[in-house]
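# Observations on the three-dimensional arrangement
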Amino acid sequence: MTTVPSLRTLPPRVRTALPIVVPALIAAVDALLVNGPKPGLDLGVSLAAAVVLLWRRRFPLVVFAATLPGIYIGYIWFAPMIALYTVATLRTDRRLLAGAAALLAAAHFLPYPISHLSFADRRDVAIQFVDACVTAATPVALGLLTRTRRELGARLDELTRSRAREDRLLADQVLATERARLAREMHDVVAHQVSLISLQAGAVQISTGDEQAREGARRIRELSVRTLEELRHMVGILRAAGADTEELTPQPRLADLPRLIELSALDVTYENACAPEAARSEAVERAAFRTVQEALTNARKHAPGARVRVRLAEDAAETLLVEIRNGPPDATVPAPGLPGGGHGLVGLRERAQSLGGTLDAHATREGGFVVRAGFPREG
């Protein structure tokens, strides 16, 4: 059993030529059936109308005008109707379409020669008039329908592409959020731990009398400084993508502050004036913890040996107030020489603003530094 090949299996040139050649062949057959094979004026104009259909897409109005003698003299229908259909699909001027349809209806209604026009039989005249109007209106309606369908298809394709672009933008935004979130957590966690390692190594380097241990401590400090420098570059790249409003889990909360202060190797006074039964959102507690952690890291880097006070309190509006204040650095304590990326306070301010809070950081008159943050209960 043989199968008929579909249009998609045909060569591209054949697929392009078929919609142009087939209507012309149908019009030529119509001309031969209506006028017969005997040469004459009626057959000549009818075949000419069929041939000019080959250029109907390039010159739709000219081709339509060239097919009118075929319906007026040769009484053919297909060539002028196909030409008018093409005009309706390619031209948007409604007045132009109405005029073309009127010309086709007139060419169909008026006899050839015009002297044969008679209104003696009104019923026959009315039927001829209605037939002419239907003949002219049908290709216009089909052409408008085809054009509308093409426009809807084009808009649907454009909408599909727009949705695809929106999906890509959304995916990029999610990726940017994740990158910024990772940058923030990397700065808060890794920088704090590495600076603590550097500080402990410096203490060992000063206190030990073993030359080998002193050299090992010196190398640890150098590696810590180099690690923080590379971290600074990575944080800058990751944060360039944008900011986030969510946090990674699991994360520490206010209950972990005493342990953080204990491991900080700083002279810290901790005051917690908040009600122990106060219920706060997890995001607020994490933000407060990160604020203290970053402030202690900055104090360790920029004010070695300084005394630090960490204070938590609540105001009448139940806003969580966090203050970290350090005094001037101790000249007898060597600076750790740790690099700073400049992202810490920026990240803290972004975190506070994302929760509806505030953050202020500035130097004090005594030569120290203070960081104040306020967070709403829910965030």
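Predicted model, so just to flag it, every value in this text is computed and none were measured.

Considering all chains together, one arrives at two aromatic pairs under this definition. When the centroid spacing of 5.6 Å and the interplanar angle of 75° are considered together, the rings of Tyr72 and Tyr112 count as edge-to-face. In this pair, Tyr72 sits in helix α3 (residues 60–73) while Tyr112 sits in the loop between α5 (94–109) and α6 (122–207), placing the two residues 40 residues apart along the sequence. Assessed through its relative accessible area of 22%, Tyr72 is described here as partly exposed.

Time to look at unusual backbone geometry. At the junction of Tyr112 and Pro113, the peptide bond is cis and its omega measures out at -5° in the coordinates. Within the secondary structure, Pro113 sits in the loop between α5 and α6. Phi is positive for Tyr75, close to 60°, though the residue is something other than glycine. Judged by its relative accessible area of 45%, Tyr75 falls in the partly exposed class.

Take the confidence of the model for the protein chain next. Of all residues in the protein chain, 85% have pLDDT values of 70 or greater, and the mean over the chain is 82. Helix α7 (residues 211–239) is the least confidently modelled element of the protein chain, averaging 71 in pLDDT, while strand β3 (residues 320–326) averages 94, the highest of any element. Note that residues 243–249 has pLDDT below 50 and, in this model, 18 contacts with residues that lie over four places away or in other chains.

Let's shift gears to the side chain of Ser46. In this fold, Ser46 is placed in helix α2 (residues 41–51). Of the polar contacts made by the side chain of Ser46, one reaches the side chain of Asn35; its length is 3.1 Å. When near neighbours in sequence (up to four residues on either side) are disregarded, Ser46 contacts Ala31, Asn35, Gly70, Gly74 and Ile76.

Another point: helix α9 (residues 282–302). For α9, which comprises 21 residues, the first-to-last C-alpha distance of 30 Å matches the rise-based estimate of 30 Å (1.5 Å per residue) to within 8%. Buried residues dominate α9, accounting for 18 of its 21 residues.

Another aspect to go through is a nonpolar patch on the surface. Together, Val21, Leu25, Val51, Leu54, Trp55, Phe59 and Val62 make up a nonpolar patch on the protein surface, roughly 640 Å² of accessible area in all. In this structure, Leu25 sits in helix α1 (residues 12–35). Residue class for Leu25 comes out exposed when judged on its relative accessible area of 52%.

As a further point, take the sheet that holds strand β4 (residues 358–363). Strand-to-strand pairing in sheets goes through backbone hydrogen bonds, with the strands running parallel or antiparallel. Overall, mixed pairing links the five strands, which are arranged β1-β2-β3-β5-β4 in an open sheet. Since the sheet does not close on itself, it has two edges, and those belong to β1 (267–272) and β4, each with one partner. Between one strand axis and the next, the sheet turns through 10° on average, direction left out of account. When β3 meets strand β5 (residues 369–375), the two strands line up antiparallel, connected through seven bridges. When the sheet's bridge partners are listed, Glu323 is paired in β5 with Arg372.

Moving on, we come to the pattern of salt bridges. For the structure shown, the criterion picks out eleven salt bridges. Arg309 is the salt-bridge partner of Glu323, the closest N and O atoms lying 2.9 Å from each other. With a gap of 14 residues between them, Glu323 in strand β3 and Arg309 in strand β2 (residues 307–314) connect regions that are remote in the sequence. Under the relative-accessibility criterion, Glu323 is labelled buried at 15%. The class for Arg309 is partly exposed, based on a relative accessible area of 32%. Two residues, Arg377 and Glu318, come together in a salt bridge whose shortest N-O distance is 2.8 Å. Residue Arg377 is located in the segment after β5, and its partner Glu318 is located in the loop between β2 and β3; the two are separated by 59 residues in the primary sequence.

Quick look at the pairing of β5 now. Counting buried residues in β5 gives five out of seven residues, a clear majority hidden from the surface. Pairing of β4 with β5, which is carried by six bridges, proceeds in the antiparallel orientation. In the sheet register, Leu359 faces β5, and the bridge partner there is Ala373. If you look at the hairpin formed by β4 and β5, you'll find five residues sitting between the two strands, and Gly367 has a positive phi there, around 95°.

Attention shifts here to the packing of α1 against helix α4 (residues 78–90). One can describe the packing of α1 onto α4 by two numbers: an axis separation of 8 Å at closest approach and a directional angle of 150°. Comparing the axis directions of α1 and α4 gives the class roughly antiparallel. Here Pro23, Ile26, Ala27 and Asp30 of α1 lie close against α4, whose contacting residues are Phe78, Ala79 and Ile82. Looking at the contact of α1 with α4 residue by residue, the classes come out as six nonpolar, no polar and one charged.

Here we come to the packing of α3 against α4. For any two helices packed against each other, the geometry is given by the interaxial angle and the distance between the axes. Two elements in contact, α3 and α4, have axes whose closest approach is 8 Å; the angle formed by their N-to-C orientations is 160°. As far as their axial angle goes, α4 and α3 are roughly antiparallel. Here α3 and α4 pass one another in a crossing that is left-handed. Each of Pro60, Leu61, Val63, Phe64, Thr67 and Ile71 in α3 lies in contact with α4, whose residues at this interface are Ala79, Pro80, Ala83, Leu84, Thr86, Val87 and Leu90.

Rules used in this analysis
Residue numbers here run from 1 along each chain, matching the order of that chain's written sequence. Residue-level local features of this predicted model are given only where pLDDT is at least 70; pairs of side-chain atoms are given and counted only at 80 or more, and the full residue set underlies all totals for whole chains, interfaces and linings. Computation of side-chain values: all heavy atoms of the structure, hydrogens and water removed. For Phe, Tyr and Trp, where Trp contributes only its six-membered ring, two rings pair if their centres lie within 6.5 Å, and the inter-plane angle classes them as stacked under 30 degrees, edge-to-face over 60, or tilted in between. Only runs of H or I of at least four residues qualify as helices and only runs of E of at least two qualify as strands under DSSP, and these elements are numbered from the N terminus. Note on classification: 1.4 Å probe, protein chains only; a residue is buried when its accessible area is under 20% of the maximum for its type, exposed when over 50%, partly exposed between these limits. Per residue, pLDDT measures the predictor's confidence, with a range of 0 to 100. Contacts are assigned to residue pairs that have any heavy atoms within 4.5 Å of one another. Under the rule applied, a polar contact is a pair of N or O atoms within 3.5 Å (in protein, one hydrogen donor and one hydrogen acceptor; residues adjacent in sequence only if both atoms are side-chain atoms). Helix span is expected to be 1.5 Å times the residue number reduced by one. Patch criteria: residues need more than 30% relative accessible area and no salt bridge. Like-charged residues are merged within 9 Å; nonpolar side chains of Val, Leu, Ile, Met, Phe, Trp and Tyr are merged within 5 Å. Note that accessible areas follow from Shrake-Rupley with a 1.4 Å probe, and for residues the cover is restricted to the protein chains shown. By salt bridge we mean one thing: a side-chain nitrogen of Lys or Arg within 4 Å of a carboxyl oxygen of Asp or Glu. Two strands qualify as a pair provided DSSP detects at least 2 bridges between them. Only the stretch in contact is used when fitting a helix axis, every axis being a line fitted to C-alpha atoms; angles between N-to-C directions are given from 0 to 180 degrees. For classification, angles of less than 35 degrees are called roughly parallel, those exceeding 145 degrees roughly antiparallel, those between 65 and 115 degrees roughly perpendicular, and all remaining angles oblique. Note on residue categories: nonpolar means Ala, Val, Leu, Ile, Met, Phe, Trp, Tyr, Cys or Pro, charged means Asp, Glu, Lys or Arg, and polar means any other residue, Gly included. Crossing handedness is defined as follows: a turn of the near helix away from the far one that is anticlockwise and smaller than a right angle gives a left-handed crossing, while the clockwise case is right-handed.

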